[in-house]
Amino acid sequence: MRRQMYTPVLSRIRRTMISRMAKPEEVLVVENEQGEVVREFMKDTDSINMYKNMRETLVYLTHLDYNDTENIMTEKLHNQVDGTEWSWKNLNTLCWAIGSISGAMHEEDEKRFLVTVIKDLLGLCEQKRGKDNKAIIASNIMYVVGQYPRFLRAHWKFLKTVVNKLFEFMHETHDGVQDMACDTFIKISQKCRRHFVQVQVGEAMPFIEEILTSINTHICDLHPQQVHTFYEAVGMMISAQTDSASQEALIEKYMSLPNQVWDTIINQATQNVEILKDADAVKQLGNILKTNVRACKALGHPYVVQLGRIYLDMLNVYKVLSENISGCIASSGENVTKQPLIRSMRTVKKETLTLISGWVSKSNDPQMVADSFIPPLLEAVLVDYQKNVPAAREPEVLSTMATIVNKLEHHITKDIPQIFDAVFACTLEMINKDFEEFPEHRTNFFLLLQAVNSHCFQAFLNIPPAQFKLVLDSIIWAFKHTMRNVADTGLQILYQLLQNVNHEEKASQSFYQTYFTDILQHIFSVVTDSSHTAGITMHATILAYMFSLLENGKITIQLSSTHPTANNIQYIQKFLLDLLKAAFPHLNEAQVKIFIEGLFSFDQDIPAFKEHLRDFMVQIREFAGEDNTDLFLEERENTIKQAHDEKRKIQMSVPGILGPHELPEEMQD
């Protein structure tokens, strides 16, 4: 009864919302205040939030009566086609509303509705004259088709028509149309990739073959960034080919265009290496490598056939450009790194490293990678990093090494000394003077350290004691860091290191004797520092682990050098009592003793241990009159995360509330 009573009201609300729909984020072609059709560069966050709210409301309204929603939209679309309501604003709001209810209708209803919508929009595109009209209609067609991958997957003829229309729009020079065409193309490729590599009913060959044959025609009017997006989209289609021989043939055809330009420049450089100082040649190499990076991202491990073709030439180019950069810095000083040519050369180096680490992370044969690809890489990259001035060292060298260690694990252990010799001391020198300089090197350095600690710990045991001390000092430096991501990484490395040491019977006792009390002292210095309260859970985890090592008799060697007969637990209790009394003279001895006893009592229960630490910090801060609210930061973050997860669960249970590109892959079909 209530639903019937509200039917006319809800219908009026639907009509109002459809005619006033806010602009979605994906739409780049807009009408400005002067009535001109332009490319939008700045995202309007208010408009995006308004769209999300209106979209959710319209999805619920559609669930209440999808016939009424469909009728209103169809009527408004006919009014656009016959011209009675034609205007850019009316067409925009209608198409934004149509795109927003994707997934809210039953599949059969959606199919019937969309056939009408796409036919009418394509007809409108043919009917209207003028660049601005074409741009607005094109933008709306692209938005709508991009929102309905389920329909396109089920209707090959429409999918093919839509993709051909996108290729047409890639030649449209109106601002924003080409960007939207490429963005929509990659969305459709991602969701419908299998359909392009299969022979469809009524077709002589898979559509991917047609695309590759005329790839030059499709991309000839695109800017480099758009070409990179196009290549990633086509790569996604090729990744769906399961027959490896067919896939290799497709990859060869797919990369033939960039390879022709690459071969020309490499051949010229073989005759005269000075060509690698030519601004245009260097820029072209950078663009070709960016295309390869996107191809690799889409293809994954099978990209190896293309990588093998350019790998050694690419590393030789890396070495020559490194020498060119070093030579310029030697003759003209470090300011030369800001010059356009030097920046282009560094782009080539960065993209080379991005390509290699991207492929290694997706590779599936660690032994082959370690044997065939790693030796020439280390030879080209490490010496260059070590001998360069700090300003010319690429932080990507460190992140690439971290990726390689994470992926290859024990297969790379034998090369760790060589990597460490080249990057460790010289990077530490760059980052240990303050907490600000070289932020990327800083982050990547600790990611490398974390990778080696997790997968090649044996390499740490084989380095000389002085170098191991340097490693430990850098970990301590990391968890005292003001950048939260570096501090968190430092704590994770330390916890993993302590666990690794515990499993090494020979090395563990000398490690404890040399470093245990030092580590304890440094951890307490951050526990009681108000700028590090965000790490309290990890502080509690590490301290509880250290105290449990003591209690469980894992530390058999005497920790005290002054009292060799002292019991280790009593020695540490005395050590902490002296340490904390000196740091916080306003606390009486009884308070500190109770705190220390609690550390041992709660070392098997981390939540209780954390509460105990927090109580102690409240005592310290109350005396100093400091605010305590940040001690509960982690709990607040967890509450927010739980609320977000709950909301997401509810959204996933209502068809259409999550857009087609927010759905997990397994929920697509």
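Right, let's walk through the structure included here. Quick caveat, the model's predicted, so the values are computed rather than measured.

What counts and what doesn't
Residues numbered from 1 in each chain as written. Predicted model: local features only at pLDDT ≥ 70, side-chain atom pairs only at ≥ 80, totals over all residues. Heavy atoms only, no water. Helix = DSSP H or I, 4+ residues; strand = E, 2+ residues; numbered from the N terminus. Contact = heavy atoms within 4.5 Å. Areas by Shrake-Rupley, 256 points an atom, 1.4 Å probe, with all protein chains shown as cover. Lys, Arg positive; Asp, Glu negative; His and termini not counted. Charge placed at Lys NZ, Arg CZ, Asp CG, Glu CD. Buried < 20%, exposed > 50% of the residue type's maximum accessible area, 1.4 Å probe, protein only. Expected span 1.5 Å × (residues − 1). Salt bridge = Lys/Arg side-chain N within 4 Å of Asp/Glu carboxyl O. 1 Å grid on protein atoms, 1.4 Å probe; cavity = no way out; pocket = protein on both sides within 12 Å on 5 of 7 lines; lining within 4 Å. Points joined across faces, edges and corners; volume = space filled by probe spheres on them. Nonpolar A, V, L, I, M, F, W, Y, C, P; charged D, E, K, R; others polar. Core = buried A, V, L, I, M, F, W, Y, C linked by side-chain atoms within 4.5 Å. Axes fitted to C-alpha atoms, helices over the stretch in contact; angles between N-to-C directions. Parallel < 35°, antiparallel > 145°, perpendicular 65-115°, else oblique. Left-handed = near helix turned anticlockwise from the far one by under 90°. Phe/Tyr/Trp six-rings, centres within 6.5 Å; stacked < 30°, edge-to-face > 60°. Lys NZ or Arg CZ within 6 Å of the ring centre and 35° of its normal. Patch = residues over 30% accessible without salt bridge, like charges linked within 9 Å, V, L, I, M, F, W, Y side chains within 5 Å.

Observations regarding the overall build of the protein chain
When helices and strands are tallied, the protein chain shows 30 helices and two strands. Taken along the three principal axes of its C-alpha coordinates, the protein chain extends 95 × 80 × 50 Å. Contacts in the protein chain between residues far apart in sequence, at least 24 positions, make up 73% of those at least 6 positions apart. As displayed, the protein chain has an accessible area near 30,700 Å², and 52% of this comes from carbon and sulfur atoms. Averaging the locations of the 65 positively and 84 negatively charged side chains of the protein chain gives two centres separated by 4 Å.

Some remarks on the side chain of Gln 226
Here Gln 226 shows up in helix H12 (residues 224-239). With residues up to four places along the chain from it excluded, the contact list for Gln 226 reads Gln 178, Asp 179 and Cys 182.

Examining unusual backbone geometry
Although it is not a glycine, Glu 409 sits at a positive phi angle of roughly 50 degrees. On the basis of relative accessible area, Glu 409 is assigned to the partly exposed category, the value being 36%.

What to know about helix H5 (residues 107-127)
End to end, H5 covers 30 Å across 21 residues, agreeing with the expected 30 Å (1.5 Å per residue, within 8%). Listed as buried for H5 are Asp 109, Glu 110, Phe 113, Leu 114, Val 117, Ile 118, Asp 120, Leu 121, Leu 122, Leu 124 and Cys 125. Residues of H5 that are buried in the fold lie against helix H3 (66-81), helix H4 (88-100), helix H6 (131-146), helix H7 (149-154) and helix H8 (156-169).

So, the pattern of salt bridges
By the definition in use, this model includes 29 salt bridges. Glu 203 is paired through a salt bridge with Lys 160; the nearest N and O atoms lie 3.1 Å apart. Of this pair, Glu 203 sits in the loop between helix H9 (177-197) and helix H10 (207-213) while Lys 160 sits in helix H8, and the two are 43 residues apart along the sequence. Asp 488 is the salt-bridge partner of Arg 484, the closest N and O atoms lying 3.7 Å from each other. One end of the pair, Arg 484, and the other, Asp 488, are both in helix H24 (residues 484-502), four residues apart, so they sit about a helical turn from each other. Because the salt bridges share partners, they merge into one network encompassing Arg 346, Lys 349, Lys 350, Asp 384, Glu 394 and Glu 396.

Thoughts on empty space enclosed by the protein
Under the defined criterion, the tally for this structure stands at one cavity of 30 Å³ or more. For the lining of the largest cavity, the element with the highest residue contribution is helix H29 (residues 606-624), accounting for three residues.

What to know about the environment of Leu 580
Along the chain, Leu 580 turns up in helix H27 (residues 568-583). Residues Leu 580 and Cys 426, spaced 154 residues apart in sequence, show a C-alpha to C-alpha distance of 36 Å. If we ignore the near neighbours within four places in the chain, the residues touching Leu 580 are Phe 524, Val 592, Phe 595, Ile 596 and Phe 616.

With respect to the layout of surface pockets
What the largest pocket holds in volume is close to 720 Å³. What lines the largest pocket is a set of 29 residues, among which Glu 25, Tyr 51, Lys 52, Arg 55 and Glu 662 lie closest to the centre. No other element matches the six residues that helix H2 (residues 45-64) contributes to the lining of the largest pocket. Considering only residue class, the lining of the largest pocket consists of 10 nonpolar, eight polar and 11 charged.

Here we look at the nonpolar core
Counting 216 residues, the largest nonpolar core has Phe 230 and Phe 547 as the members making the most contacts within it. Element by element, the count of residues in this core is highest for helix H16 (residues 304-332), at 11 residues. Beyond its immediate chain neighbours, meaning those up to four positions away, Phe 547 contacts Leu 520, Phe 524, Ile 572, Leu 576, Leu 599, Phe 600, Asp 603 and Phe 609.

Some thoughts on the packing of H3 against H5
One can describe the packing of H3 onto H5 by two numbers: an axis separation of 10 Å at closest approach and a directional angle of 15 degrees. One element, H3, and the other, H5, form an angle in the roughly parallel class. Between H3 and H5 the crossing geometry is left-handed. Note on element contacts: H5 touches H3 through Asp 109, Arg 112, Phe 113, Thr 116, Val 117, Asp 120, Leu 121, Leu 124 and Gln 127, opposite Tyr 66, Glu 70, Met 73, Thr 74, Leu 77, His 78, Gln 80 and Val 81. A per-class count over the contact of H3 with H5 returns eight nonpolar, five polar and four charged.

Remarks on the packing of aromatic side chains
Here a ring pair, both rings aromatic, is described through the centre-centre distance and the interplanar angle of the planes. For the structure on display, the rule yields 29 aromatic pairs. Ring geometry for Phe 547 against Phe 600: centres 4.8 Å apart, planes inclined by 55 degrees, an arrangement best described as tilted. One end of the pair, Phe 547, is in helix H26 (residues 536-551); the other, Phe 600, is in helix H28 (residues 589-601), and 53 residues separate them in sequence. You'll find Phe 547 and Phe 600 in the same group, each marked buried. Within the aromatic cluster, the residues linked to one another by ring pairs are Phe 420, Phe 424, Phe 445, Phe 446, Phe 457, Phe 460, Phe 468, Phe 511, Tyr 512, Tyr 515 and Phe 516. Here Lys 128 stacks its cationic end above the ring of Trp 86, 4.3 Å away from the centre of that ring.

Some points on the packing of H27 against H28
Helix packing for two helices is described by the angle between their axes and how far apart those axes are. Viewed as axis vectors pointing N to C, H27 and H28 meet at an angle of 135 degrees, and their least axial separation amounts to 10 Å. Taken together, the axes of H27 and H28 lie oblique to each other. H28 is crossed by H27, and the crossing has right-handed handedness. Of the residues in H28, those in contact with Ile 569, Ile 572, Gln 573, Leu 576, Leu 577, Leu 580 and Lys 581 of H27 are Glu 589, Val 592, Lys 593, Phe 595, Ile 596, Leu 599 and Phe 600. Looking at the contact of H27 with H28 residue by residue, the classes come out as 10 nonpolar, one polar and three charged.

Observations regarding helix H19 (residues 395-408)
Look at H19: 20 Å from first C-alpha to last across 14 residues, which is about the 20 Å you get at 1.5 Å a residue. Counting buried residues in H19 gives 10 out of 14 residues, a clear majority hidden from the surface. When H19 is considered as a whole, its buried residues turn out to be Pro 395, Glu 396, Val 397, Leu 398, Thr 400, Met 401, Ala 402, Ile 404, Val 405 and Leu 408. With its phi angle positive at about 50 degrees, Glu 409 sits one or two positions after the end of H19.

Considerations on a nonpolar patch on the surface
Together, Met 5, Tyr 6, Val 9 and Ile 13 line one region of the surface with nonpolar side chains, adding up to about 360 Å² of accessible area. Tracing the backbone shows Tyr 6 in helix H1 (residues 2-19).

Observations regarding the environment of Val 144
Mapped onto the fold, Val 144 is located in helix H6. Assessed through its relative accessible area of 1%, Val 144 is described here as buried. Between the alpha carbons of Val 144 and Ser 357 there is a distance of 36 Å; along the sequence they are 213 residues apart. Not counting residues within four places of it along the chain, the set of residues in contact with Val 144 comprises Cys 95, Ile 98, Leu 114, Val 117 and Leu 121.

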